[in-house]
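Listed below are the residues making up each chain.
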Amino acid sequence: MQKERKAMTNVTLIMGDGIGPEIAEATRRCIEATGAKINWDICEAGVDVMERLGTPLPDETLKSVEKNGIAIKAPITTPVGTGFRSINVHLRQNFDLYACLRPCKSYRGVRSKYQDIDLVVVRENTEDLYAGIEYEKGKDDTAELIDWINKHSKRQVTPDSGVSIKPISVKGTERIVRFAFDYARKLGRSKVTSVHKANIMKHTDGLWLEVSRHVAADYPDIEFEDRIVDNMCMQLIQKPELYDVMVLPNLYGDIVSDLCAGLVGGLGVAPGANIGDNMAIFEATHGSAPKYKGQNKVNPVALILSGVMMLRHLDLAAEADKLEGAIASVIAEGKDVTYDLKPDRDDPTAVGTSEMADAIIAKMK
Ligand code: NAD
């Protein structure tokens with residue numbers, strides 16, 4: 001399988017909307033310049049295609065992701081209050097992409113209060129308060145649930161409450177913690193920290209911690225420790241150098257991954273991936289920034305770094321190193337970079353999305 005991939009790999013490239021098509025094209029060009037042999041299956045999704053085809057996620061796009069098992073997805077707008085469900089959530093659920101992987105690494109030249117950060121956030125993507133099991137205040141179902149709780153619990157829920165359910169399972173925890181350890185082993189990392197609030201939520205986070213400890217025993221070559229989430233946040237601000245790979249339930253993972261993106265200078269340089277057992281979709285952390293659509297203005301690096309993650313996922317380490325080195329060098333020089341990477345955002349020497357990609361490609365020649 002791996003040898004076949006090295007010969008030619010089929011990858012679905014979802015162009016997205018807003019700034020999506022511009023950064024997707026920059027990413028495609030940069031990945032091709034590494035020499036990686038990729039067959040691109042270019043697909044559409046988002047608000048633009050919705051207007052034409054009546055669906056934001058055409059069947060051909062879903063089929064292509066399913067067939068290839070690997071995709072790079074540019075951002076997609078989720079319009080507020082239209083009934084148009086988030087395509088990002090749909091893809092994660094449809095393909096059971098249970099691991100959200102977010103490396104947060106400092107690059108010289110990106111303005112940040114911190115240097116030398118090198119952290120990886122592994123967030124569980126399917127359970128917890130994000131599972132979408134919610135009961136609205138005042139509805140019959142909610143009243144029934146509250147009645148049941150009040151009959152069976154010493155704690156009482158008042159009738160004017162909304163209720164969200166927090167499921168955390170053995171299976172869901174085991175597979176994400178194992179993913180974190182396997183990732184640490186593959187990337188030569190030395191420590192995994194499991195993050196929780198087990199002191200308060202004994203039956204959900206307590207289960208998470210117990211399963212984490214159990215899985216850790218299978219990886220004696222990798223250090224294991226746990227942290228309570230509030231302490232973890234403070235420690236990341238005070239002593240980020242003490243941490244390496246962190247594995248977190250869905251909600252804490254969401255919050256801590258933004259905290260870590262903040263440590264390395266923000267959204268413009270924050271890549272990511274959603275990974276399941278047989279499928280992986282690589283995407284930037286940022287959204288579709290519609291106000292910049294078609295202006296050739298925004299920073300393509302977060303999606304290109306997501307491409308670096310994809311190359312590593314495909315065991316194309318040399319190509320990944322080459323591309324990451326070229327990105328790091330362009331950012332460090334600070335000349336051919338987009339407005340957000342200049343000391344002054346109105347700097348007239350800032351280049352466009354496409355020209356920054358050209359500079360990255362030139363470094364690889
Ligand atoms: P956003 O990330 O799109 O933009 C927020 C601001 O961040 C922008 O106005 C811009 O100033 C800056 N920014 C973002 N990306 C940048 C880049 N590459 N270079 C330079 N500056 C950049 O967040 P938003 O405005 O809250 O969301 C816009 C839309 O994107 C919403 O519909 C949201 O649902 C969607 N979204 C999609 C994804 C995804 O596809 N994975 C993720 C987040 C948000």
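Everything quoted here is computed from the prediction, not taken from an experiment. (Residues numbered from 1 in each chain as written. Predicted model: local features only at pLDDT ≥ 70, side-chain atom pairs only at ≥ 80, totals over all residues. Heavy atoms only, no water.)

K.L.:
An account of the site of the ligand is requested, with residue identities and associated values reported.
P.N.:
Of all residues adjacent to the ligand, which total 20 residues, the nearest are I76, T78, G287, A289 and N299. Note that a nitrogen atom of the ligand is positioned 3.2 Å from one of the side-chain N or O atoms of H286. A distance of 3.2 Å is found between a nitrogen atom of the ligand and a side-chain nitrogen or oxygen belonging to Y339. Protein chains shield 70% of the accessible area of the ligand, which is 810 Å² for the free molecule. Split into classes, the residues belonging to the shell around the ligand amount to eight nonpolar, eight polar and four charged. (Near = heavy atom within 4 Å. Polar contact = N/O pair within 3.5 Å; in protein donor to acceptor, adjacent residues only side chain to side chain. Areas by Shrake-Rupley, 256 points an atom, 1.4 Å probe, with all protein chains shown as cover. Nonpolar A, V, L, I, M, F, W, Y, C, P; charged D, E, K, R; others polar.)

K.L.:
Would you mind going over helix α9 (residues 229-238) in detail, with residue names and values included?
P.N.:
When we look at burial in α9, the residues that qualify are V229, M232, Q235 and L236. Take α9 and look down its axis: the buried residues cluster within an arc of 110°, on one side only. Residues of α9 that are buried in the fold lie against β5 (118-124), β8 (191-196), β9 (223-228), β10 (245-248) and α10 (250-263). (Buried < 20%, exposed > 50% of the residue type's maximum accessible area, 1.4 Å probe, protein only. Helix = DSSP H or I, 4+ residues; strand = E, 2+ residues; numbered from the N terminus. Arc of directions from axis to C-beta. Contact = heavy atoms within 4.5 Å.)

K.L.:
Which residues make up a negative patch on the surface, and what values do they have?
P.N.:
A surface patch of like charges, here negative, comprises D140, D141, E144 and D147. Structurally, D141 is set in helix α6 (residues 140-152). (Patch = residues over 30% accessible without salt bridge, like charges linked within 9 Å, V, L, I, M, F, W, Y side chains within 5 Å. Salt bridge = Lys/Arg side-chain N within 4 Å of Asp/Glu carboxyl O. Lys, Arg positive; Asp, Glu negative; His and termini not counted. Charge placed at Lys NZ, Arg CZ, Asp CG, Glu CD.)

K.L.:
Account for the pairing of β8, naming residues and giving values.
P.N.:
Burial analysis of β8 places six of its six residues in the buried class, the great majority of the element. Residues K191, T193 and V195 line one face of β8 and the alternating positions V192, S194 and H196 line the opposite face, and both faces are buried. Two elements, β8 and β9, share six bridges in a ladder whose sense is parallel. Opposite V195, over in β9, you have R227 as the bridge partner. Bridge count between β8 and β10: three bridges; the pairing is parallel. (Pairing = 2+ DSSP bridges.)

K.L.:
Can you explain α10? Please cite residues and give values.
P.N.:
If you check α10, its first and last C-alpha atoms are 20 Å apart, about what 14 residues at 1.5 Å a residue would give, namely 20 Å. Those residues of α10 not exposed but buried are N250, Y252, G253, V256, S257, L259, C260, A261 and L263. Structurally, α10 contributes buried residues whose contacts are with β4 (99-105), β5, β8, α8 (205-216), α9 and β10. Directly beyond the C-terminal end of α10, a positive phi value near 110° is found at G265. (Expected span 1.5 Å × (residues − 1).)

K.L.:
I'd like to hear about the environment of D277, residue by residue, with values.
P.N.:
Counting through the fold element by element, D277 comes out in the loop between β11 (273-275) and β12 (280-282). Given a relative accessible area of 62%, D277 falls into the exposed group. Considered as a pair, D277 and S112 are 165 residues apart in the sequence and their alpha carbons are 35 Å apart. Within the local environment of D277, its side chain forms a polar contact with the side chain of Y98, the two groups lying 2.7 Å apart.

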